[in-house]
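Coordinate inspection notes
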Amino acid sequence: MFIPGIDSELLLSREFAQAAVPFLEWLKQQHDRKAKICSVCTGTFILALSGILEGKSCNTHWKYLKQFQKRFPKTSWLEDRLFVKDENIYSSAGVTSGIDLSLYVLEEMYGPILAMKVAKELVLYVRRSKEDPQLSVFLQFRNHLDTRIHEIQDFMAGNLDQDLSLERLGEQACMSPRSLSRNFKKTTGITLGEYRDKLRVEKAVKMLASGQKLEVISTSCGLKSSNQLR
């Protein structure tokens, strides 16, 4: 659920707060049901009015910080953050950071590959400040507009158990191995081999966390043995 920002006159109006009581009660019910509730910009005021931000951390537009802190002293405001997550409540600093938050929620619910594809469609690659949740490797090294390199990154992410030799990847990209190797490093800042290993490590860590056996993980990551995985 996304709560957009609204006009500042409404935010500071007691009449508006009174008229919004039925909605605010409904919002508390959704919070109790563990729905993901996200605010964009001054939408954080709506969350705070409902009481669901008491004792939690959040973010909102910097212009309204003093009013927010004065009105809702039991809520912690975190500065220099594009967005903040506290349990099932998410808040973003402004309208454009609301897009970053949306991409994060997509990644959380449906995986990094879908989030990357949506970001690519929007021609807006994912931004995260140093304190925000860290990017999956599937989303790292994507801040470029080279379609062929994006396609190779997609192919590698989806086919770690297949042959990912330079020759095979060159065929996939319709480029010579040498040209692909040079262009990939120039575009992403790392080599194909380094990128492949990062993908393998992240996938292996996730599979280990889910209780998969080493032999299964090794095969899924395109490794010859559990010793190579180790």
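Residues numbered from 1 in each chain as written. Predicted model: local features only at pLDDT ≥ 70, side-chain atom pairs only at ≥ 80, totals over all residues. Heavy atoms only, no water.

1. A word on the packing of aromatic side chains
The full count for this structure, using the stated rule, is 9 aromatic pairs. Ring centres of Phe-141 and Tyr-195 lie 6.1 Å apart, and the angle between their planes is 85°; this geometry places the pair in the edge-to-face category. Taken as a pair, Phe-141 in the loop between helix 7 (112-122) and helix 8 (147-158) and Tyr-195 in helix 11 (residues 192-209) lie far apart in primary sequence, 54 residues in all. Taking the relative accessible area as the measure of exposure, Phe-141 reaches 23% and is therefore partly exposed. (Phe/Tyr/Trp six-rings, centres within 6.5 Å; stacked < 30°, edge-to-face > 60°. Helix = DSSP H or I, 4+ residues; strand = E, 2+ residues; numbered from the N terminus. Buried < 20%, exposed > 50% of the residue type's maximum accessible area, 1.4 Å probe, protein only.)

2. A short note on the pairing of strand 2 (residues 37-40)
For a regular strand, side-chain orientation follows a simple rule: the groups alternate between the two sheet faces. Side-chain alternation along strand 2 places Ile-37 and Ser-39 on one buried face and Cys-38 and Val-40 on a second face that is also buried. Note that strand 1 (residues 2-3) and strand 2 share 2 bridges and pair parallel. When the sheet's bridge partners are listed, Phe-2 is paired in strand 2 with Cys-38. In the sheet, strand 2 pairs with strand 6 (residues 89-92) via 4 bridges, with the strands oriented parallel. Across the sheet, Val-40 pairs through a bridge with Ser-92, a residue of strand 6. (Pairing = 2+ DSSP bridges.)

3. A word on the nonpolar core
The biggest cluster of nonpolar side chains holds 18 residues, and the ones touching the most others in it are Ile-152, Met-156, Leu-169, Leu-180, Phe-184, Leu-192 and Leu-199. When residues of this core are traced back to their parent elements, those giving at least two are helix 8, helix 9 (166-173), helix 10 (177-188) and helix 11. No other element matches helix 8, which puts 5 residues into this core. Once residues within four sequence positions are removed from consideration, Phe-184 is found in contact with Ile-149, Ile-152, Gln-153, Gly-189, Ile-190, Thr-191, Leu-192 and Tyr-195. (Core = buried A, V, L, I, M, F, W, Y, C linked by side-chain atoms within 4.5 Å. Contact = heavy atoms within 4.5 Å.)

4. Quick notes on the pairing of strand 5 (residues 83-86)
Pairing between strand 5 and strand 6: 4 bridges, direction antiparallel. Its bridge partner being in strand 6, Lys-85 is matched across the sheet by Tyr-90. Where strand 5 hands over to strand 6, the hairpin turn is made up of 2 residues, of which Glu-87 adopts a positive phi near 55°.

5. Description of the packing of helix 9 against helix 10
The axes of two packed helices give the description: the angle between them and the distance between them. At their nearest, the axes of helix 9 and helix 10 sit 8 Å apart, and the two run at 85° to each other. Between helix 9 and helix 10, the angle falls in the class roughly perpendicular. Here helix 9 contributes Leu-166, Glu-167, Leu-169, Gly-170 and Ala-173 to the contact with helix 10, which in turn contributes Pro-177, Leu-180 and Ser-181. Per-class residue counts for the contact of helix 9 with helix 10 are 5 nonpolar, 2 polar and 1 charged. (Axes fitted to C-alpha atoms, helices over the stretch in contact; angles between N-to-C directions. Parallel < 35°, antiparallel > 145°, perpendicular 65-115°, else oblique. Nonpolar A, V, L, I, M, F, W, Y, C, P; charged D, E, K, R; others polar.)

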